[in-house]
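What follows is each chain in one-letter form.
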Amino acid sequence: MAKGFTIAASSWLSLLGLIGALISGCVSAQAQQFSADLVGTAHAGAAASSGKLRVFNKKVRIETSGFPDGFFLIDGAGGAAYFARPAERVFMDARQSSRLTQLFVPVDLGDPCLQWQDMAKLAGVTDPSEPWRCVRVGEEVVEGRGVVVYRAMSSPGRDILGWIDPNLKFPLRIRMQDGTTITVENIHEEPQPEHLFEIPPGFRKFDPQALIKRIKQSDVWVDNPPQ
């Protein structure tokens, strides 16, 4: 009986350990849900509000003053970035419309260039044959949070600086080559409504290239406009 009880107790302890690990994993996943403000600063200029950021694990929603008629959705796991316009009930590939969608994404702390290069390829702004390279240059504090600073080089003479929060696995600050800096401020770690990270039902995808092709096939298009 004692031996049987010992085996049973051991099994229960193993089960409790597994449950604890699962709970811990859930808590860890929830920790990557947060909202924050995006604040941009031009080179030698004053800070100005740039927009709102929300993160739901591998998904990101960005609302920016530069595009007041819609919002950006980034799916890091699915390799997609869209811009949605609620008034027209349409969405389209983000492409090169905003640098925010290429840089403010969940990253691998060991090598954030993996995700940054993927998003640059998706936007069509980088040569696939030129791999990005990240170099860890130090540690600092941003918004009261310890961060790891990386220098990312995408091609000779072109680089950015990224301040990565190791807990959120997310950039808290990006400095562009032209000196523009964008910082994630007023971070609130809290559950985010999942529906905010999905294209709303009933939205149709808008393809600008398809529209141009249709126009070219119509009588409206003129190949050689009059001088």
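These numbers were taken from a predicted model, which means no experiment stands behind them. (Residues numbered from 1 in each chain as written. Predicted model: local features only at pLDDT ≥ 70, side-chain atom pairs only at ≥ 80, totals over all residues. Heavy atoms only, no water.)

*Asks:* Which parts of the structure should I look at to understand the nonpolar core?
*Replies:* In a soluble, globular protein the nonpolar side chains are often hidden away together inside. The biggest cluster of nonpolar side chains holds 42 residues, and the ones touching the most others in it are L38, L53, I62, F104, W116, F170 and V184. The biggest single contributor to this core is strand β8 (residues 145–155), with five residues. Contact partners of V184, with chain neighbours within four places excluded, come to A36, D37, L38, L53, F104, E143, P171 and L172. Counting five residues, the second largest nonpolar core, distinct from the first, contains F71, A84, F91 and F203. (Core = buried A, V, L, I, M, F, W, Y, C linked by side-chain atoms within 4.5 Å. Buried < 20%, exposed > 50% of the residue type's maximum accessible area, 1.4 Å probe, protein only. Helix = DSSP H or I, 4+ residues; strand = E, 2+ residues; numbered from the N terminus. Contact = heavy atoms within 4.5 Å.)

*Asks:* Just checking my understanding: could you explain the state of the cysteines for this structure?
*Replies:* Disulfide: a covalent bond connecting the sulfur atoms of a pair of cysteines. Counting across every chain of the model gives one disulfide. Bridging C113 to C134, the disulfide has an S-S length of 2.1 Å. On the sign convention where negative means left-handed, the S-S torsion of about 85° between C113 and C134 marks this disulfide as right-handed. With C113 in helix α3 (residues 113–123) and C134 in strand β7 (residues 133–142), this residue pair connects regions lying 21 residues apart in the sequence. The pair C113 / C134 is uniform in exposure class, with both members buried. (Disulfide = S-S within 2.5 Å.)

*Asks:* What am I meant to see in the environment of H43 here?
*Replies:* With respect to the helices and strands, H43 occurs in the loop between β1 (33–41) and β2 (47–56). H43 sits 132 residues away from R175 along the chain, and the two C-alpha atoms are 9.7 Å apart. In contact with H43, other than residues within four places in its own chain, are D178, G179 and T180.

*Asks:* Help me out: how do you make sense of the packing of aromatic side chains in this one?
*Replies:* Aromatic rings in a pair are described by how distant their centres are and how their planes are angled relative to each other. Scanning the entire structure with this criterion turns up seven aromatic pairs. On the basis of an interplanar angle of 35° and a centroid distance of 5.5 Å, the ring pair of F56 and F197 is categorised as tilted. Here F197 lies in the loop between β11 (181–189) and β12 (204–205) and F56 lies in strand β2, a separation of 141 residues in the sequence. Here F56 falls in the buried class, since its relative accessible area comes to 15%. We classify F197 as buried; its relative accessible area is 5%. Between Y82 and F91 the ring centres are 5.3 Å apart and the planes differ by 85°, which places this aromatic pair in the edge-to-face class. What makes Y82 partly exposed here is its relative accessible area of 23%. A network of ring pairs unites the aromatic residues F34, F104 and F170 as a single cluster. (Phe/Tyr/Trp six-rings, centres within 6.5 Å; stacked < 30°, edge-to-face > 60°.)

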